[in-house]
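What follows is the residue order along each chain.
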Amino acid sequence: MSFDVESTPLGVRFPFPRSTLDTCDVSDTPPDLPALEQHLDFVALGHDAVLFAEGGAGTGKTTLLRSAAIAAERRGFVVLSTCASRYESHLELNLIRRLCGWAEEDTVLDPHAAQDDLQTACRDVHRAVLELARQAPVLIVVDDLHWCDLSSLHCLAFLSRRTRGRPVAVLCSKLSGSNGPDPVLLDEMLRSHSSTSRVRLGPLDGTALRDLAARALGSVPPGLPASLAWWCGRNQFLVGEVLEALTWYHELPSSITEVVPPSIHPWLLSRLPHTVPACLPVAQAVALLGDHAKLALVSEVAGVSSIDAAHAVMAMTDLGLLRAGEIVAFQHPVVAAAMRNAIPPADRPLLHLIAAEQLQRSGAAPRTMVSFLLGSDAVESPLTVRLLLDVVRDLHETETAAARVPLLRQLLSRPLPNEARVKIVHLLGLAELELAPSQAAEHLAEAYQLTDVQHRATVALQQAQALHLLGRAEEAVRLLDEVATSTTADELLRTRIELQLITTTIDDPSLHTAALRATRRLRHGEHSESAEQIAAALTGASACGVEPGEAWRLLAPAGSPGLPLAWLMTARAVLSTGHHDRILPYTTEWVSAKRQGPVQEVLARSLRAEVLLRLGRVTEAAADTHAALEMLSSLDDEARQAPLTAALGPLVDTLLERGELESAGRLLADADLDSDTPPRWHRVTLLLGRGRLRQALGDPVSGLSDIMRCGDLLSSWGDFGPYAVPWRVHAVRALLALGDRDTARRLADEELAEARSQGCRAHRLGVALCSTGQTVGGNAGRDLLMESINVLEDSHAQLDLAVALGELGTALSRAGRARDARHRLKQGCALADEAGATVLSTVLERRLREAGGRARGRVHGVESLTATERQVARLAVTGRTNKEIASTLFVTRRTVEMHLTQVYRKLRITGRSELFDVLGDS
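Criteria and thresholds
- Residues numbered from 1 in each chain as written.
- Predicted model: local features only at pLDDT ≥ 70, side-chain atom pairs only at ≥ 80, totals over all residues.
- Heavy atoms only, no water.
- Helix = DSSP H or I, 4+ residues; strand = E, 2+ residues; numbered from the N terminus.
- Rg over C-alpha atoms; globule rule 2.2 N^0.38 Å.
- Buried < 20%, exposed > 50% of the residue type's maximum accessible area, 1.4 Å probe, protein only.
- Areas by Shrake-Rupley, 256 points an atom, 1.4 Å probe, with all protein chains shown as cover.
- Lys, Arg positive; Asp, Glu negative; His and termini not counted.
- Charge placed at Lys NZ, Arg CZ, Asp CG, Glu CD.
- Core = buried A, V, L, I, M, F, W, Y, C linked by side-chain atoms within 4.5 Å.
- Contact = heavy atoms within 4.5 Å.
- Disulfide = S-S within 2.5 Å.
- Axes fitted to C-alpha atoms, helices over the stretch in contact; angles between N-to-C directions.
- Parallel < 35°, antiparallel > 145°, perpendicular 65-115°, else oblique.
- Left-handed = near helix turned anticlockwise from the far one by under 90°.
- Nonpolar A, V, L, I, M, F, W, Y, C, P; charged D, E, K, R; others polar.
- Salt bridge = Lys/Arg side-chain N within 4 Å of Asp/Glu carboxyl O.
- Arc of directions from axis to C-beta.
- Phe/Tyr/Trp six-rings, centres within 6.5 Å; stacked < 30°, edge-to-face > 60°.
- Pairing = 2+ DSSP bridges.
- Patch = residues over 30% accessible without salt bridge, like charges linked within 9 Å, V, L, I, M, F, W, Y side chains within 5 Å.
- Right-handed = clockwise from strand over helix to strand, strands pointing away.

## Looking at the overall build of the protein chain
Part 1 of the reasoning: Broken down by element type, the protein chain carries 46 helices and nine strands.
Part 2 of the reasoning: The C-alpha radius of gyration of the protein chain comes to 42 Å, more than 25% above the 29 Å expected for a compact globule of 922 residues.
Part 3 of the reasoning: Once the C-alpha set of the protein chain is aligned to its principal axes, its extents read approximately 140 × 70 × 50 Å.
Part 4 of the reasoning: For the protein chain, buried positions account for 55% of its 922 residues.
Part 5 of the reasoning: Only carbon and sulfur atoms are counted for the fraction: they give 50% of the accessible area of the protein chain, which is about 39,300 Å².
Part 6 of the reasoning: Side-chain charges of the protein chain comprise 95 positive and 112 negative groups, with the mean position of each set lying 7 Å from the other.

## Remarks on the nonpolar core
Buried together is how nonpolar side chains tend to be arranged in soluble globular proteins.
Part 1 of the reasoning: Residues Leu-228, Val-242, Val-282, Met-316, Phe-330, Leu-411 and Trp-567 are the most contacted members of the largest nonpolar core, which totals 222 residues.
Part 2 of the reasoning: For Trp-567, the contacting residues outside a window of four places in its chain are Pro-548, Ala-551, Trp-552, Leu-555, Pro-557, Ile-583, Tyr-586, Trp-590 and Leu-607.

## Overview of the state of the cysteines
Part 1 of the reasoning: What the rule picks out here adds up to zero disulfides.
Part 2 of the reasoning: With no disulfide of its own, Cys-122 lies closest to Cys-155 among cysteine sulfurs, the gap being 3.5 Å.
Part 3 of the reasoning: Not part of a disulfide, Cys-770 finds its nearest cysteine sulfur in Cys-829, a span of 15 Å.
Part 4 of the reasoning: Judged by its relative accessible area of 5%, Cys-770 is buried.

## Considerations on the packing of helix α17 (residues 366–374) against helix α18 (residues 385–398)
Part 1 of the reasoning: Look at α17 against α18: their axes get within 8 Å of each other, and the N-to-C directions meet at 140 degrees. Classified by the angle between their axes, α17 and α18 sit oblique to one another. Crossing of α17 against α18: the hand is left-handed. Of the residues in α18, those touching α17 at Pro-366, Arg-367, Met-369, Val-370 and Leu-373 are Leu-387, Leu-388, Val-391, Asp-394, Leu-395 and Thr-398.
Part 2 of the reasoning: Within the contact of α17 with α18, the residues separate by chemical class into eight nonpolar, one polar and two charged.

## Some details on the pattern of salt bridges
Part 1 of the reasoning: Within this structure, the stated rule accounts for 44 salt bridges.
Part 2 of the reasoning: Note that Arg-745 and Asp-749 form a salt bridge whose closest N and O atoms lie 3.3 Å from each other. Here Asp-749 and Arg-745 lie together in helix α37 (residues 741–756), a separation of four residues that amounts to about one turn.
Part 3 of the reasoning: Classification of Arg-745 as partly exposed rests on a relative accessible area of 35%.
Part 4 of the reasoning: Since its relative accessible area comes to 34%, Asp-749 is described here as partly exposed.
Part 5 of the reasoning: Salt bridges sharing partners connect three or more residues here, namely Arg-728, Arg-746, Glu-750, Glu-751, Glu-754 and Arg-764.

## A few points about the side chain of Thr-384
Part 1 of the reasoning: For Thr-384, the location among the structural elements is in the loop between α17 and α18.
Part 2 of the reasoning: By relative accessible area, which is 0% here, Thr-384 ends up buried.
Part 3 of the reasoning: Once you skip the residues sitting within four places of it in the chain, Thr-384 turns out to touch Leu-353, Leu-373, Ala-378 and Val-379.

## A short note on unusual backbone geometry
Part 1 of the reasoning: Its identity as a non-glycine residue notwithstanding, Arg-234 has a phi of 60 degrees, on the positive side.
Part 2 of the reasoning: With respect to the helices and strands, the residue Arg-234 is situated in the loop between α9 (224–232) and α10 (236–246).
Part 3 of the reasoning: Residue class for Arg-234 comes out partly exposed when judged on its relative accessible area of 33%.
Part 4 of the reasoning: Of note, the phi angle at Ala-556 is positive, near 40 degrees, even though the residue is not glycine.

## Here we look at helix α11 (residues 264–271)
Part 1 of the reasoning: For α11, every residue scored as buried is listed here: Ile-264, Trp-267, Leu-268 and Ser-270. Buried residues of α11 fall within an arc of 160 degrees about the axis and therefore sit on the same side.
Part 2 of the reasoning: Packed against the buried residues of α11 are α10, β9 (329–330) and α15 (333–341).

## Quick notes on the packing of aromatic side chains
Part 1 of the reasoning: Under the definition given, this model contains six aromatic pairs.
Part 2 of the reasoning: Look at Trp-567 and Tyr-586: their rings are 6.1 Å apart centre to centre, the planes differ by 70 degrees, and that puts the pair in the edge-to-face class. In this pair, Trp-567 is assigned in helix α28 (residues 564–575) and Tyr-586 in helix α29 (residues 580–592), connecting sequence segments 19 residues apart.
Part 3 of the reasoning: On the basis of relative accessibility, which here comes to 1%, the residue Trp-567 falls in the buried class.
Part 4 of the reasoning: On the basis of an interplanar angle of 85 degrees and a centroid distance of 5.5 Å, the ring pair of Trp-681 and Trp-717 is categorised as edge-to-face. Of this pair, Trp-681 sits in helix α34 (residues 681–696) while Trp-717 sits in the loop between α35 (700–715) and α36 (727–738); the two residues are 36 residues apart in sequence, bridging distant segments of the chain. We note that Trp-681, like Trp-717, is buried.
Part 5 of the reasoning: Among the aromatic side chains, those forming a connected cluster through ring pairs are Trp-552, Trp-567 and Tyr-586.

## What about the sheet that holds strand β3 (residues 78–83)?
Part 1 of the reasoning: Across the sheet, which stays open at both edges, the five strands sit in the order β3-β4-β5-β2-β6 with parallel pairing between neighbours. Edge strands, defined here as strands with exactly one partner in the open sheet, are β3 and β6 (196–201). For this sheet the average axis-to-axis angle between neighbouring strands, irrespective of direction, equals 15 degrees.
Part 2 of the reasoning: Relative to the sheet, helix α3 (residues 94–101) contacts β3 and β4 (138–143), its axis offset from that of β3 by approximately 145 degrees.

## Considerations on a nonpolar patch on the surface
Part 1 of the reasoning: Taken together, Leu-350, Leu-351, Ile-354 and Leu-383 make up a surface patch of nonpolar side chains, about 340 Å² in accessible area.
Part 2 of the reasoning: You can see Ile-354 is positioned in helix α16 (residues 348–361).
Part 3 of the reasoning: Take Ile-354: its relative accessible area is 34%, and that puts it in the partly exposed class.

## Observations regarding the packing of α17 against helix α19 (residues 401–412)
Part 1 of the reasoning: Direction vectors running N to C along α17 and α19 enclose 25 degrees, while the axes themselves pass 10 Å from each other. Taken as axis vectors, α17 and α19 run roughly parallel relative to one another. The handedness of the crossing between α17 and α19 is left-handed. In this structure, α17 uses Arg-367, Val-370 and Leu-374 to contact α19, whose residues at the interface are Ala-403, Leu-407, Gln-410 and Leu-411.
Part 2 of the reasoning: Here the residues of the contact of α17 with α19 sort into five nonpolar, one polar and one charged.

## Concerning the side chain of His-443
Part 1 of the reasoning: Mapped onto the fold, His-443 is located in helix α21 (residues 437–450).
Part 2 of the reasoning: Here His-443 falls in the buried class, since its relative accessible area comes to 17%.
Part 3 of the reasoning: For His-443, the contacting residues outside a window of four places in its chain are Leu-412, Val-425, Leu-428, Gly-429 and Glu-432.

## Re α3
It helps to recall that an α-helix has 3.6 residues per turn; residues three or four apart then point in one direction.
Part 1 of the reasoning: Every buried residue of α3 is accounted for by Asn-94, Leu-95, Ile-96, Leu-99 and Cys-100.
Part 2 of the reasoning: Residues of α3 that are buried sit in contact with β3, α5 (118–135), β4 and α6 (150–161).

## With respect to the pairing of strand β5 (residues 168–175)
Part 1 of the reasoning: Extensive coverage of β5 is indicated by the burial of eight of its eight residues.
Part 2 of the reasoning: Neither face of β5 is open: one carries Val-168, Val-170, Cys-172 and Lys-174, the other Ala-169, Leu-171, Ser-173 and Leu-175, and all of them are buried.
Part 3 of the reasoning: Note: strand β2 (residues 49–55) against β5, seven bridges, orientation parallel. Each residue of the ladder has a partner; that of Glu-54, found in β5, is Lys-174.
Part 4 of the reasoning: Following the backbone out of β4, through α6 and into the adjacent parallel β5, one traces a crossover that is right-handed.

Laid out in structure tokens, this is it:
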């Protein structure tokens, strides 16, 4: 049976009676006994000696003295032996009377005479001992001298100074850190004798500990010595008690922490210094607080002043019972468990509650509070409900979802009052919404059943989000429809419920009628105008009227209860109108929002990558893409599905623009686009990404197949969809590569007609004009390309503008207008290079060379750096860290790293150390 060394020491009282074995006799031959035997042999030759055995509590002092007394008797010594007691330390000459009462009858002192006069007693003891020494060597053994009464200590000091040259040895034991009734007198006793020797006892070594276990149990289970060493701190007494307790078990326990012998608590009490009254309450407070026992908190829980608490801790540290530091702790975990077990079970919850309240007042973090409550009895007490609810609420506000989930699950594993359980189940479901949607759905369903009517609408909204993530759209819509028509929630929450319902229906065309009902209900609300505009954007009617700021406030993607997927789709609909710059501030705010989970952050970074890509800032988009990919890799398969489908499109697009085809391929492979599961909106649009990837890999046939399949599936949605997917544009490029100009022309005309019918979407119109211009050719084609450039210049879509310039330059080159062609191609190259669009830049440079031009800025040097890259490089030369540069430029550290990588590549250097040599004063 193995033992877990790391288990939490929550021991129970040992239920069996003590053994009749002598628990002090835990070693046949104490390791320090040979040294004492040499002194005994020296005394037997007629010399005197004073011997002191000193060590912490339970280190084997009594065993050593007993073994020495037995060895002395075997050598013919007269042994006078006694043990001091803290409970008799106030009785004058008590120890001396007991000591002399054990001598031979003809040397027994008159106790009354000794009590009457200390000086007379000292002389009588001296005379009696000398008389014994004439017959045989004498060994006086006094155990626990630190508890000796003051008069007896005077007698022993007197005796030790006046037995020189006589075969008399005084052997005493003393607890480390305790100096008895008179430290000066004790020190004088030690220093005044010429033959004083000290034996310092320490913890058991591994061999001794293993031997003890083998003697007690017969065989030593794996891991038991290490468990004993941790549980008992290698303390000889404690190890002996625990081993003795183990002999009463029919089957060894799975953890050593279950073994807390009842003898340990009185052993501890007997060693607490009675001169420091605060020791007991301080020891109880330290045991209760465990890993949270800071001195200030200990004094509060113990109900003593900070000075008294400090004195008590110092006293118990000197005795080897406590370990001082920022956190005060028992040296031996089994002693802490014994102290906790000694508190009556009926009193523990209240004491733990008092300790928890003091911990909260001290400003402890919610994680710390939960950890303490889990290790106490207070968490199960009805008295703790208010405190527990405050703690879990703070935990929800300050910790990430990944940090909250295990703590909340641990809390739920304990018996809880109903009020606390409902709140914790709800908060656990919210945290799991980011990590484990199936478990979130279960917990939120439980919370929905248990919560009161006032809060049920909020829980229903969040439960529906979990169902949506799991692909259970029908259940989610049914729940939201029911709540929307029956809830008494406030107007803002009702609006969010309706908008979430519409968002959920997008994945299933059969549910679109539910979306229409929700849209009609929105017309009568307080936020009707803004909500109707968002609903129009989500359903594909129009995104022109959406005000991003109002949509951000209504959907609250970074808040609770927020609608991140609704915001994602609304923002993409607004992007399709060409208003990229209006969305960018909100995407940055979403990425920077605190306490959001990994799923939300992946969605936020995906959206910002898409905006940056449209704005022609590919390097920054790539930084967000790689950050999102790192987060995706940390999620399990279930939690990855929602962000993988909703966020993947822009991530794949960014990787394709950067030429990172292998990474894009891995992402799309994870999406499993060929499975038989019902198509979802985001999942269908990923087919377009895979088609583009296959085109880039030189397989236009497979690429076109994916793109056309995407178009067929999207047609099943009809006009109902949050944003336009430009599948025809990419199909045209594939068809032109395969030589099918007629089909390409037909698709391009369809795309252009649809774009012209939606006049507000300037970006889509510009791209459609470019695509049609490619298929038409001749003067008409060049005119369409020119119109495309004029439209795209107003849309801030730098990459699409670079593509249009490249296509126009190529068309002009074919028409023999080389000079105009080179001008347009150079413009396109400059835009692509500034954006960091590696693939597009390479294609346009090749076309420029074919037109007889030379790519500007492609030489490797300072002139090849973009303005942003120069700014980052300049700051790096000054010695600023990546974090400092990011703060200065208001970008992420990952963006700075991407820019520096580009700088090193262009300057042909290996790192920051070479920047100054290359840049100089530039």
